[in-house]
Amino acid sequence: MRGLSVRDVWRSVAIALLLVAAILLPIGQKNYIIYVLTSWLIFTIAAMGLNLTLGYAGQISLAQASFMAIGAYVTALLTLAGWHWLAALPPALIISFVVGLILGYPALRVKGHFLAFVTLAFNTLVFLVLRNEDWLTGGTYGLSGMPRPDFGLFSTDKHLPFYYFTLGITVIAALALWGIVRSPWGRAFKALRENPVRAESLGVDTRRVTLLAFAIGSVYGGLAGALITPLVQFIEPGSFGLAHSLRILLMVVVGGAGYFFGPFIGAAVVILLPEVLRFTEGYYLIIYSALVIVMLVFVPSGLIGVWGRLKAKVWPKQQVRTDMAEGAGLQ
Amino acid sequence: MTRSHRYRSLLLAVSIAVPAALGTAQAADTVKLGLVAELSGAGAPAGTNWRDGAKLAVAEVNAAGGILGKKVEMPEYDTQTDPQVSRALVQKAIDEGVIAIIGTVYSGSTMVNMLVAKQNSIPQFVGSEAPAIVEKGNPFVYRTSSGAQKGVPALTPYFKDTLKAKKVGVAWVNNEFGKGGRNVFIAEMKKAGIDVVVDAASEQAQTDYAADVAKIKSANPDAVFVYMNQEESARFLIEAKKQALPMPLVGEVTLTEAKVIELAGNAADGAIAHVGVTATATEVPGIAAFAKSFEDTFKRKPTHDAIKGYVGVWATKYVTDKVGKVDGEAFAKTMHGLCLKAADHPKILLDTCWDDRGEMSRPSFMVQVKGGSPVVIGTVPAN
Amino acid sequence: MSQFLQVFLSGLATGAVYALVAIGFTLVWQAAQTVNFAQGEFVMVPAFFVLIGMHWLGLSFWVALLFGFAVSIVVLGLLFKKLIVEPILPHGGITLIIATMALGILLKESAKEFYGAEAQPFPAMFPGDQIDVFGAAVSLRDLLNLVISLGIVILLTLFLNRTRTGRCMQATAQNPGVAEILGVDVKRMVLYTFLINAALAALASFLITPVYLAKFSNGETLGLIAFIAAIVGGFNQIRGALVGGLLIGVLDNLTATYVTAQYRAALPLVLLIVIILVRPQGIMGTSEGRAV
């Protein structure tokens, strides 16, 4: 653990600077920009969860959007029934966790990418249920009019306070994940990612660890959904389709799977880049998708990996510690 | 740290700078209309037609001196057929200083984004037909065609008196558009004392309609109400012909559109539909002129959605000029209970009225496909 | 009875086209251990190549069909392999999966921007003459869809088992390292797989578009159904993809007719989950990963 204290100082400074930037960014901006920034934070949370499943535990999940749906619908139904958002949050998270366990358990019994297949089917099934069971979910018309949380002195009705509210939740979620990744469980995840066979021989119950990673990842999906509900104040099944799960997967890979700060960058690219390109009107999605392909050809380990590569060039002798890779983007 | 930080800041800076630059490009002698529509995703066929109809109208309005004597610009905002995005984009358009929103077409999107236009007192012309849109007490939302709760009931006398149907079937696409129409239809049939003997839901972008048609065939209703989007309508008609479905197929708007006929070929022959305003009604001079310049400009036939977009822009011009200034509240006051006569306002195409909720009424037509082209077989008075 | 026969036979005909697309999934899986999420778009695009040939270049239908087939093989086979698969594959299957997703958006948006968002009619290769099979209306086209798909599966299996190139391709699929040592030109074999995949996608496109119509968003539904068919049948077997495709085509129609129309899309998904629980290698699959 040589030099760790220096790292820690750097890390704290970096995080503080990022936080200040995140606090200053929306000030003086128009509503639309604040809205886009808020959705960037929310999708970052969803991508953080998937990053745990994919980047740390090495399993592809194609159902992150459906966990967002679970979080969003539970929160919506409860807040519409008069619950405070804070009271509606725990049920939303617990249901996401339990569904994650139930879904992951059978898929992870077998080796291979069966979790990907099962989650793909699950995502579409959730869409069908949300659409068809209109007595509960409002069907294709969705649910609307969900209130934004009010904390007495601090009401999130306006866009800017809601941004700060989301930022606060994002910071808490990131800290929690930081704790998980550094806990004994988290080290088990990493051992698993680096060498499943060795991990197993060292007594790590790979299946249980993977299942847990998936279920916790699902909770982050549920949390993102619980934030979407008050942000948009309208939810409908189409917003949680398979395409959105793939979009979250894209965020994780573009940002850098397995890097702690990858999701922040990945979500920024996926949410903000199309906005930047909108001035090209009809062509913006064409340019955007072409850019993503080019990015994957040249920076396959994600944008955050760019730094790692540069560093390796500048200080080629420094030993690369892959187990610390999640912090590489902060150096 | 600086690297990733800088990269992110750069992205953010650019994303902020670009809209800001667009905003400042607005000169004092122009007015802006925000075209918010489904330009990609599942709604793209409707949204791009809506846009092109509106574009044509903007060109004509500018040739005729613009709005309040100012040149009209119409920036486009693609919702990707996502209601959440559409809501954000209506916000963005308003941030950028548009005086009216033109869009959206899909009801699911309109239901969400109309709240934003309402908060900002910005008039909004929509192409959506879901009944609920005008039932929310929003004074700033106006239709460009009659809602399903007016359009579908106009068909009831046709089923009851003309076809003398005792039992009917309904085939619908299971999205927010199809379900809305289907619910109104079933309620109407109940009121008219007609049995609905088969209720066939199909998926958007479904490949195989054999099961839907076979189910209808064995239930053997006297007539079938078909309520689907364009290419789904065409696929359904093709399968219906294959299985030789004997009863009349009646639709609302889409079923007899030029595009559906082009796609379904001779399988469309005999299909009947009630249409609000149709490019086929060429005996109306405004419509004939519109259809011609649309085809000249875009090299394809206009759809119902194109006409709606066109009417939306022209209505914005007529009413803003009537008000004499840019003022959302005054606009809303003028719109409610307004009737525009085609004789005085030719580009509105037909005599059109809006009630105090923004619902539109105007004469409509019954159309049947004969020999590969839609023919007007009757006129339905405004209801 | 005639109703059952009607939906059963129609389902088989549609399922046969799903099968062609599903075979593409299994081939790419074997060659690159990845899933091509643009596979649906690979079926959407060839029809547009043909339309471009007919309407922009003024070719006759059959010439345009050949033109579309050739362009598809170059663009969706050769270029896809060289420009996307080759540079990204060494960095892992997941990165490539993401790249194919982006490619799907690229193809879809390009078709929409350059050819319009509305569906286009597409001429049929075969006449739609009706045949009455015990009261069920079946078109000649349906029967030919079925015959062609079966024929392709038989030919492909023969090619892989009976020819030298085919056996080299199998060896590559099973163990690229060993195949290389044994003197197999692994790169070339992988390229062949991608060319065959493009050819199958083009063929599926020409068979299904006359009914399904040419539209930029076609790939979304087709790709998903074929992917499910491939998993259900067994991801590592060509005949598995055939069985999966036919099964899903028929089950979809039977569910819609006899059980529930609103949940018709759910049955294949439930089937998929059940199969993974009971028989993870798929109906026709073998548990030993990668035999062709």
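Residues numbered from 1 in each chain as written. Chains lettered and ligands numbered in written order. Predicted model: local features only at pLDDT ≥ 70, side-chain atom pairs only at ≥ 80, totals over all residues. Heavy atoms only, no water.

1. Let's talk about the packing of helix α2 (residues 31-56) of chain A against helix α10 (residues 206-232) of chain A
All names here are of chain A. The interhelical angle for the contact between α2 and α10, taken along N-to-C directions, is 165 degrees, at an axis separation of 6 Å. Relative to α10, α2 is oriented roughly antiparallel. The two elements α2 and α10 meet at a crossing, and its hand is left-handed. Each of Tyr35, Thr38, Ser39, Ile42, Phe43, Ile45, Ala46, Met48, Gly49, Leu52 and Thr53 in α2 lies in contact with α10, whose residues at this interface are Ala213, Phe214, Ile216, Gly217, Tyr220, Leu223, Ala224, Leu227, Ile228, Leu231 and Val232. Classifying every residue of the contact of α2 with α10 gives 17 nonpolar, five polar and no charged. (Axes fitted to C-alpha atoms, helices over the stretch in contact; angles between N-to-C directions. Helix = DSSP H or I, 4+ residues; strand = E, 2+ residues; numbered from the N terminus. Parallel < 35°, antiparallel > 145°, perpendicular 65-115°, else oblique. Left-handed = near helix turned anticlockwise from the far one by under 90°. Contact = heavy atoms within 4.5 Å. Nonpolar A, V, L, I, M, F, W, Y, C, P; charged D, E, K, R; others polar.)

2. Description of the interface of chain C and chain B
Chain C puts 35 residues into the contact, and the matching count from chain B is 35 residues. At the boundary of chain C and chain B, one finds three salt bridges. Between C:Asp142 and B:Lys242 there is a salt bridge, and its shortest N-O distance comes to 2.6 Å. Taken together, chain C and chain B are joined by 16 residue pairs in polar contact (both at pLDDT 80 or more). Those elements that provide at least two residues to the side of chain C that touches chain B are α1 (2-32), α4 (93-115), β2 (136-139), α8 (186-212), α9 (218-233) and α10 (238-259) of chain C. For the side of chain C that touches chain B, the leading source of residues is α1(C), giving seven residues. Looking at the side of chain C that touches chain B residue by residue, the class counts come to 16 nonpolar, 13 polar and six charged. (Salt bridge = Lys/Arg side-chain N within 4 Å of Asp/Glu carboxyl O. Polar contact = N/O pair within 3.5 Å; in protein donor to acceptor, adjacent residues only side chain to side chain.)

3. Quick look at the UniProt feature "transmembrane region" (unreviewed entry) in chain C
Mapped onto this structure's residue numbering, the UniProt feature "transmembrane region" (unreviewed entry) falls at residues 43-76, 88-107, 143-160, 190-213, 225-251 and 263-282 of chain C. Helix makes up 100% of residues 143-160 of chain C and strand 0%, and the two end C-alpha atoms of the span are 26 Å apart. (UniProt positions renumbered as here; feature names shortened; annotations may be inferred.)

4. Some remarks on the interface of chain C and chain A
Each side of the interface is counted separately: chain C has 37 residues, and chain A has 36 residues. For the pairing of chain C and chain A, the buried interface totals around 3,300 Å² over both sides, and the portion due to carbon and sulfur atoms is 84%. When the buried surface of chain C facing chain A is broken down by residue, C:Ile94, C:Ile98 and C:Tyr263 rank first, second and third, together holding 16% of it. Our count for the chain C to chain A interface comes out at four residue pairs in polar contact (both at pLDDT 80 or more). Elements that contribute at least two residues to the side of chain C that touches chain A include exactly α3 (61-88), α4, α9 and α11 (266-278) of chain C. Ranked by residues supplied to the side of chain C that touches chain A, first place goes to α4(C) with 14 residues. Classifying every residue of the side of chain C that touches chain A gives 31 nonpolar, four polar and two charged. (Buried area = accessible area lost by both parts, 1.4 Å probe.)

5. Let's talk about the packing of aromatic side chains
What the rule picks out here adds up to 36 aromatic pairs over all chains. Note on A:Tyr73 and A:Phe240: the rings are 6.2 Å apart at their centroids and 65 degrees apart in plane angle, and the pair reads as edge-to-face. Separated by 167 residues along the polypeptide, A:Tyr73 in helix α3 (residues 64-80) and A:Phe240 in the loop between β4 (234-235) and α11 (242-255) bring together distant segments of the chain. The pair formed by A:Tyr73 and A:Phe240 is uniform in burial state, with each residue classed as buried. Taken together, a centroid distance of 5.5 Å and an interplanar angle of 40 degrees make the contact between A:Phe151 and A:Phe165 tilted. Of this pair, A:Phe151 sits in strand β2 (residues 150-151) while A:Phe165 sits in helix α7 (residues 159-182), and the two are 14 residues apart along the sequence. Given the relative accessible area of 9%, A:Phe165 is considered buried. By way of ring pairs, the aromatic residues A:Phe114, A:Phe117, C:Phe25, C:Phe37 and C:Phe227 are connected into one cluster. Between A:Arg148 and the ring centre of A:Phe162, over which it is positioned, the NZ or CZ distance is 4.6 Å. The ring of A:Phe43 has A:Arg247 sitting right over it, with the charged end atom 5.3 Å from the ring centre. (Phe/Tyr/Trp six-rings, centres within 6.5 Å; stacked < 30°, edge-to-face > 60°. Buried < 20%, exposed > 50% of the residue type's maximum accessible area, 1.4 Å probe, protein only. Lys NZ or Arg CZ within 6 Å of the ring centre and 35° of its normal.)

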